[in-house]
Amino acid sequence: MKQKLYLSNPGIAAAAGCDARTFWNALVDGDNSGLIEVKTFSGENFFAGKINDSKLSPTSAKYDMRIIQIEDLALKQIAPYVERAKEKYGAARIAVCVGSCDNGSEFSLAGHREFFAAKKFPENYSLEMQSADYPATFAKEKFGLKAGAFVFATACSSSGSAIAKGAELIRAGIVDAAIVGGVDVASDTALLGFNSLESISAQKTNPFSKNRDGITLGEGAAFFVLAKDFCVVKDSDEGEKNCIELLGVGESCDAHHMTSPLADGSGALCAMKSALSDAALQSENIDYVNLHGTGTKLNDAMESLAMNECFGEAICDGKKIFASSTKPITGHTLGASSALELAACFLTIKNNCGKKFEQMKLPLHVYDGERDEKIPRINLVGCETKFSRPINVCMSNSFGFGGCNVSLIIGKSRDGCVQE
């Protein structure tokens with residue numbers, strides 16, 4: 001039998017909120033006020049999801065930069081679960097798996113700016129500042145852990161890959177628990193880089209609209225403790241009925257193009273079907289899908305094809321499977337997006353538990369309401385959506401650069417929780 005894996009409540013830091021309650025309220029209210037105009041060093045302005053500076057504090061990190069302060073804000077929220085895992089398993093049995101694409105751009109940009117001006121780097125500048133492993137190393141050092149620390153960088157699917165690896169490490173018997181998630185910043189490097197690809201929207205992103213014209217980047221972090229025993233991740237006021245499992249993981253790599261997905265959606269479809277197979281579920285067992293939903297012409301068309309191939313009529317029937325993209329509220333948080341959107345799914349299950357249909361709320365799909373009728377229809381969650389089924393199982397989709405696709409399925413425990 002496959003090892004059951006349980007998720008703790010998430011630690012969250014995002015433009016939409018820096019705790020679970022604020023974040024959830026923004027999702028169900030469709031509050032995208034966290035997407036603001038920012039100016040890059042080139043002088044160009046872009047919309048981006050930014051965390052208010054007042055939420056961030058200095059850390060004990062060797063290189064105390066914005067990305068680490070955002071990460072620390074989220075990690076503090078899961079600290080009780082980490083300590084419980086250390087008590088049960090020991091520091092040598094807890095891994096760290098982080099999705100992130102920024103490699104110290106805050107320091108490297110400043111260092112290179114001085115180099116071009118003075119023909120030398122600052123005395124305190126070191127290439128170590130740009131080490132890709134640092135977000136994982138920081139989490140490992142923060143909690144005094146002794147097992148491996150890994151960083152995954154496949155753009156949009158990075159933290160999905162991190163969560164998948166954490167599950168593999170536990171099921172392989174290498175560790176008993178893992179800190180899994182991701183963190184990224186809306187740096188000038190990212191903003192200008194995506195703009196050079198002609199992927200940035202001139203307005204706030206508008207996914208699945210006929211008027212969509214690109215993405216809106218964001219910054220954020222989301223982390224969970226993933227463990228093989230529910231007693232490690234439960235809250236003191238929650239019973240076994242409220243435990244949420246990682247049910248299925250699906251990964252594919254279509255390797256079609258450095259930045260673009262396969263236009264027919266077959267790579268994304270492969271990941272979704274793999275996740276369903278891993279969870280031993282059928283597509284009709286999924287209640288809500290958090291879409292990748294970036295707002296680009298190609299991605300939304302591709303994802304619509306894949307969703308309709310996977311779910312058939314259920315995805316366009318208002319009484320069946322619901323879907324939304326939360327990127328118009330959070331911004332596209334790159335390496336953090338998969339974990340942040342899994343947190344949205346986690347809260348969707350938890351906050352609808354035991355609710356009557358008329359009381360249920362799901363993350364709104366915020367857009368201009370003008371559907372693109374040239375692509376297959378998806379049942380998008382709106383303010384007037386009526387629900388007729390409980391929300392027990394959710395899928396989250398993330399499709400990254402190089403055709404690295406990840407689908408994750410979580411749900412209420414189907415047959416009780418193991419507490420050893």
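The structure displayed is predicted, hence computed values, not measured ones.

We now examine the packing of aromatic side chains. Under the definition given, this model contains 4 aromatic pairs. Here Tyr63 and Tyr134 contribute two aromatic rings whose centre-to-centre distance is 5.7 Å and whose plane-to-plane angle is 65°, an arrangement assigned as edge-to-face. Residue Tyr63 is located in the loop between β4 (45-49) and α2 (66-89), and its partner Tyr134 is located in helix α4 (residues 134-143); the two are separated by 71 residues in the primary sequence. What makes Tyr134 buried here is its relative accessible area of 7%. Judged by centre distance (4.9 Å) and plane angle (75°), the rings of Phe322 and Phe387 are edge-to-face. Residue Phe322 is found in strand β12 (residues 322-324), and its partner Phe387 is found in the loop between α11 (337-352) and β13 (393-399); the two are separated by 65 residues along the sequence. Comparing Phe322 with Phe387, the two get one shared label, buried.

Before going further, it helps to examine the pairing of strand β9 (residues 220-227). In terms of burial, β9 is largely enclosed, as 8 of its 8 residues are buried. Side-chain alternation along β9 places Gly220, Ala222, Phe224 and Leu226 on one buried face and Ala221, Phe223, Val225 and Ala227 on a second face that is also buried. Bridge count between strand β1 (residues 6-7) and β9: 2 bridges; the pairing is antiparallel. Following the sheet pairing, Leu7 is matched in β9 by Leu226. In the sheet, strand β2 (residues 11-14) pairs with β9 via 4 bridges, with the strands oriented antiparallel. Each bridged residue has a counterpart across the sheet, and for Ala14 the counterpart in β9 is Gly220. Pairing geometry for strand β7 (residues 177-184) and β9, over 8 bridges, is antiparallel. Along β9, the bridge assignment pairs Val180 with Phe224.

Under the 1.5 Å per step criterion, the end-to-end length of helix α3 (residues 105-118) is 19 Å for 14 residues, consistent within 8% with the ideal 20 Å. The inward-facing, buried residues of α3 abut α6 (188-196). One or two positions beyond α3, positive phi appears at Lys119, with a value near 70°.

You can see Gly218 is positioned in strand β8 (residues 217-218). Owing to a relative accessible area of 0%, Gly218 belongs among the buried residues under this scheme. Sequence separation of Gly218 and Pro376 is 158 residues, and the distance between their C-alpha atoms is 28 Å. Not counting residues within four places of it along the chain, the set of residues in contact with Gly218 comprises Gly49, Val185, Ala186, Thr330, Gly331, His332 and Thr333.

Here the focus is the pairing of β4. The buried count for β4 comes to 4 of 5 residues, which makes it a mostly enclosed element. With 5 bridges joining them, strand β3 (residues 35-39) and β4 adopt antiparallel strand pairing. Paired with Glu37 across the bridge in β4 is Phe47. Counted along the chain from β3 to the antiparallel partner β4, the turn is 5 residues long, and its residue Gly43 has a positive phi close to 95°.

Evaluated as defined, the whole model comprises 16 salt bridges. Among the ionic pairs, Arg212 bridges to Asp372, the shortest N-O distance being 2.8 Å. In this pair, Arg212 is assigned in the loop between α6 and β8 and Asp372 in the loop between α11 and β13, connecting sequence segments 160 residues apart. The buried category is assigned to Arg212, whose relative accessible area is 3%. Given the relative accessible area of 13%, Asp372 is considered buried. Of the charged contacts, one joins Glu341 and Lys327 as a salt bridge, the two residues approaching to 2.8 Å between their closest N and O atoms. Pair noted here: Glu341 is in helix α11 and Lys327 is in helix α10 (residues 327-330), with a separation of 14 residues, a long-range link. Each member of the pair Glu341 and Lys327 is classed as buried.

Among the secondary structure elements, Thr326 is positioned in the loop between β12 and α10. Side chain to side chain, Thr326 and Asn290 meet in a polar contact 3.3 Å long. Apart from the residues lying within four places of it in its own chain, the contact partners of Thr326 are Leu27, Tyr288, Asn290, Glu341 and Pro363.

Relative to each other, helix α1 (residues 20-29) and α11 sit at 90°, their axes nearing to 10 Å. Viewed along their axes, α1 and α11 adopt a mutual orientation that is roughly perpendicular. Two secondary-structure elements touch here, α1 through Ala20, Phe23, Trp24 and Leu27 and α11 through Leu340, Ala344, Leu347, Thr348, Asn351 and Asn352.

On to the sheet that holds β8, then. With mixed pairing, the 3 strands of this open sheet are ordered in space as β3-β4-β8. One side of each edge strand has no neighbouring strand; the edge strands of this open sheet are β3 and β8. By the bridge criterion, 2 bridges tie β4 to β8 in an arrangement that is parallel. Bridging across to β8, Gly49 finds its partner in Gly218.

In this section: the side chain of Glu341. Looking at Glu341, the relative accessible area reads 3%, which means it is buried. Engagement of the side chain of Glu341 in a polar contact is seen with the side chain of Lys327, the distance being 2.8 Å. In this structure, Glu341 is in contact with Asn290, Leu291, Thr326, Lys327, Ser396, Asn397 and Ser398, ignoring residues within four places of it in sequence.

Moving on, we come to the environment of Gly267. In this fold, Gly267 is placed in helix α8 (residues 266-279). On the basis of relative accessibility, which here comes to 6%, the residue Gly267 falls in the buried class. Taking C-alpha positions, Gly267 is 27 Å from Leu7, a pair spaced 260 residues apart along the chain.

Rules and cut-offs
Residues numbered from 1 in each chain as written. Predicted model: local features only at pLDDT ≥ 70, side-chain atom pairs only at ≥ 80, totals over all residues. Heavy atoms only, no water. Phe/Tyr/Trp six-rings, centres within 6.5 Å; stacked < 30°, edge-to-face > 60°. Helix = DSSP H or I, 4+ residues; strand = E, 2+ residues; numbered from the N terminus. Buried < 20%, exposed > 50% of the residue type's maximum accessible area, 1.4 Å probe, protein only. Pairing = 2+ DSSP bridges. Expected span 1.5 Å × (residues − 1). Contact = heavy atoms within 4.5 Å. Salt bridge = Lys/Arg side-chain N within 4 Å of Asp/Glu carboxyl O. Polar contact = N/O pair within 3.5 Å; in protein donor to acceptor, adjacent residues only side chain to side chain. Axes fitted to C-alpha atoms, helices over the stretch in contact; angles between N-to-C directions. Parallel < 35°, antiparallel > 145°, perpendicular 65-115°, else oblique.

Function cannot be inferred from these measures alone, as they are strictly geometric.
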